[in-house]
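Residue-level structural notes
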Amino acid sequence: MTQFLTLHGTAVSLILELPEGEAPLWRYWGRRLPDGVALQPIRASRPTPSFSLDFDQPLSLFPGLGVGWFGESALLAHRAGRDWTFQATSSAVEQDGQTATMWLTDDVAKIAVAITLNLDSQSDVLTVSTTLTNLGDAILDVQWLAAGVVPLPGDACEVHSFGGRHNDEFVPITDQLTRSTWRRENRRGLTSHACFPGAIVAAAGATYGAQLAWSGNHRQSIEWIDDGRFQWQMGEWLAPGEIWLAAGESITTPEMLATCGIDANAVAQNFHSAIRQRITWPGGKMKPRPVHLNTWEGFYFNHDEAALMELADAGAAVGIERFVLDDGWFAGRNDDTSSLGDWWTDTAKYPNGLRPLAEHVTGLGMEFGLWVEPEMVNPDSALYRAHPDWALATPGRPGITARNQLVLDMAKPEVSDYLFDKIAALLKDLPITYLKWDHNRDLTTAGAQPRYHKQVEAAYALMARLRAAFPHVEIEACAGGGGRIDAGIIRHTHRFWTSDNIDAVSRVSIQRGFLQFMPPEVMGSHIGASPAHATGRSQSMDFRGAVALPGHFGVELDVRKLDERDRTKLAEWIATYKAHRDRMHHGKVWQGDGDDGLLWQAHGDADGILLFVYRVAPQSHRHAPLVRLSMLDPKRRYGIDGIEYGGAWLVQHGLSLPPLKAETSLMIEVTAL
Ligand code: DGJ
């Protein structure tokens, strides 16, 4: 009798059919089904259509090429032109609570595959990864190996993904799903500003989301299949020749995180819960996210020790809790043309090293953080002059610089040892509790045999090694702002620098995209200067404060130069952040668009929310639109600014707002009575 494997989460279920000796067949992934659904084998319920194979091949967990599956294959591999087909000849399943492992062996192609699925009932996120082992004698050249394959219903109609560039991350892209294949690929060698590794799919009555936990190249496709459903594949994009498995060797894909819910907010909340579980905090628990003061836009490369001490004084006076010394502190680094790789203090700027500044900062009760960009080297550096062969290169091709820098070949043990030693010396010597870890370029000439994959693994390994040696240190993932935001690097880090664009109008949409996949407590969000350096637009301190507030809040301007009024306002925003950060960083997030371009987001739960309303463009209606607060409990009563409302009124009718001018905001506390 055919067996089925069912995993139920809280609001999500999946069902796989387990025919003897075949890959498991996808029967269902979607909103929760009742326990004990009675199922017939799929082939019993669908006759063979005309001009079709006599052996029906429905979508499986690992569809293979060349033996009757005509859709996209989960694997593209060969041994010098042979063994290019895949079909399991035997299969086995092991289930341990919410985790199932499927073992598939193909005795003909001599390949073994193990697919692990975990449906976490706290987050409702399904995590899938795949391990492939070469059981043959010759090298197996792997061109594509899906991390996961999941089904989407036939009424899936729209896919929302995110593109962008430096200073303009998370640009929303909406495509219709048709019978053509939808595909997005990234070949920039790191997660990239241009192509976030995930998407959201709208279907009738449910919304689906997936993201790849990987900080390198990636590829995803959604393909219409013969039975009217779609298959969604996601994995690492591999360059030709990148993965050659010798006899007995294996490769494991990154994890694909997939979930579904009633709408995009439910999907975001599930992702937030899953990402929160992936972070390892120093001391085992997230402490309240400290208010940052980052020196970059206030000082750039012009480090002056006395001025920075004054900045620290001014920061401490307004309530800053962590002072991060950005680029420009190390030997000879006066602009972006030189010195990456020379990770020791510039004694021209800091005659007695960084200790006096670091101790000045900690003496004021703040933490001290330091910027590094370990994976990079400038040709004009002592490191490059000593070891030109440490830069990643492709023989016969010119080394292409970006921001005047080359990429180090991180997988060389001598390179990672050098970087570990240099960073460890700083961490040992100075009271540093925070590293801002930057990566300011895409990869081009990535080795004689492509080393994109190895590069990501080596970066993760270096972070893990440093964290094991210095467990009290937090790391911020930055890549020219939001070029390395993903669920892979978050296992090693604690914050993302969301964008180098701190203009509050730009940030409203960048942060909305970010919050679809990542929780607010890891979203670096700063109050920058006005006019904003990235755009030249000017915004009030209040608008800048309200936009930065819900994330991991910080300040990135020269506090000394603020006039009295703005300095007082800044101190007020910092105090407001401290008062509300617990609710914003532990609760759920809902985002919505009111009519007429009004954008809102709410943080909290049914006991109460903090509502942010942002107007980025002028109002065109005569009256401000209503905001329906569907997350509230219709049966409870709520207080807003001393007025009592019925929950049902706020849920069904909505909250009336005063008219707002462009580039202004409201912050409203809604408290259950
Ligand atoms: C790019 C980052 O995103 C900025 O915040 C800053 O750290 C610069 N690099 C420094 O070079």
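From a predicted model like this one, the values you see are computed outputs, not experimental measurements. (Residues numbered from 1 in each chain as written. Predicted model: local features only at pLDDT ≥ 70, side-chain atom pairs only at ≥ 80, totals over all residues. Heavy atoms only, no water.)

In many analyses, interface size is given as the accessible surface area lost on bringing the parts together. The domains assigned to the protein chain are domain 1 (3-278), domain 2 (290-580) and domain 3 (591-672). Taken together, the 43 residues of domain 1 in the interface contact 41 residues of domain 2. Buried surface at the junction of domain 1 and domain 2, summed over both partners, amounts to about 3,400 Å²; 57% is from carbon and sulfur atoms. At the boundary of domain 1 with domain 2, the tally comes to three salt bridges. As a salt-bridge pair, Asp-442 and Arg-188 come within 2.7 Å of each other at their nearest N and O atoms. The interface formed by domain 1 and domain 2 contains 23 residue pairs in polar contact (both at pLDDT 80 or more). Contributions of two or more residues to the side of domain 1 that touches domain 2 are made by strand E11 (168-176), strand E13 (198-203), strand E14 (206-213), strand E17 (243-245), strand E19 (255-261) and helix H1 (264-278). Looking at which element gives the most residues to the side of domain 1 that touches domain 2, the answer is H1, with eight residues. (Domains from an automatic or database assignment. Contact = heavy atoms within 4.5 Å. Buried area = accessible area lost by both parts, 1.4 Å probe. Salt bridge = Lys/Arg side-chain N within 4 Å of Asp/Glu carboxyl O. Polar contact = N/O pair within 3.5 Å; in protein donor to acceptor, adjacent residues only side chain to side chain. Helix = DSSP H or I, 4+ residues; strand = E, 2+ residues; numbered from the N terminus.)

With that settled, the discussion passes to the packing of aromatic side chains. In total, this model carries 22 aromatic pairs according to the counting rule given. Ring geometry for Phe-496 versus Phe-514: centroids 5.9 Å apart, planes at 70 degrees, classification edge-to-face. A residue pair is termed long-range when its members are at least 10 positions apart, and Phe-496 in strand E27 (residues 495-497) and Phe-514 in helix H8 (residues 504-515) qualify at 18 residues. For the pair Phe-496 and Phe-514, one class covers both residues: buried. Ring centres 6.5 Å apart and planes at 85 degrees place the aromatic pair Phe-543 and Tyr-614 in the edge-to-face group. In this pair, Phe-543 is assigned in helix H9 (residues 541-548) and Tyr-614 in strand E32 (residues 608-615), connecting sequence segments 71 residues apart. Among the aromatic residues, those joined into a cluster by ring pairs are Phe-162, Phe-170, Phe-196, Phe-271, Phe-496, Phe-514 and Phe-517. The ring of Phe-420 is capped by Arg-465, whose NZ or CZ atom sits 4.1 Å from the centre of that ring. Between Arg-507 and the ring centre of Trp-497, over which it is positioned, the NZ or CZ distance is 4.8 Å. (Phe/Tyr/Trp six-rings, centres within 6.5 Å; stacked < 30°, edge-to-face > 60°. Buried < 20%, exposed > 50% of the residue type's maximum accessible area, 1.4 Å probe, protein only. Lys NZ or Arg CZ within 6 Å of the ring centre and 35° of its normal.)

Where helix H6 (residues 413-429) meets helix H7 (residues 452-469), the axes come as close as 10 Å, and the angle between the chain directions of the two elements is 35 degrees. Remark: the crossing between H6 and H7 carries right-handed chirality. Taken together, the residues of H7 that come into contact with H6 (itself represented by Ser-416, Asp-417, Leu-419, Phe-420, Ile-423, Ala-424 and Leu-427) are Leu-462, Arg-465, Leu-466 and Ala-469. (Axes fitted to C-alpha atoms, helices over the stretch in contact; angles between N-to-C directions. Left-handed = near helix turned anticlockwise from the far one by under 90°.)

We now examine the pairing of strand E29 (residues 552-556). Of all five residues in E29, five are buried; the element is thus mostly enclosed. Here E29 shows no split at all, with His-552, Gly-554 and Glu-556 on one side and Phe-553 and Val-555 on the other all buried. Where strand E20 (residues 292-294) and E29 come together, two bridges link them in parallel fashion. The residue bridging His-292 from the neighbouring strand is Gly-554, located in E29. Strand direction decides the pairing type here: strand E28 (residues 523-528) and E29, joined by five bridges, are parallel. Following the sheet pairing, Gly-528 is matched in E29 by Glu-556. A crossover links E28 with its parallel partner E29, the connecting element being H9, and its sense is right-handed. (Pairing = 2+ DSSP bridges. Right-handed = clockwise from strand over helix to strand, strands pointing away.)

Along the chain, the position of Asp-346 falls in the loop between strand E21 (322-325) and helix H4 (355-363). Although Asp-346 is buried, it forms no salt bridge, and the closest oppositely charged side chain is Lys-349 at an N-O distance of 4.1 Å. Looking at Asp-346, its side chain comes within polar contact range of the main-chain nitrogen of Ala-348, at 2.9 Å. Apart from the residues within four sequence positions on either side, Asp-346 is in contact with Trp-329, Phe-330, Ala-331, Gly-332, Arg-333 and Asn-334. (Lys, Arg positive; Asp, Glu negative; His and termini not counted.)

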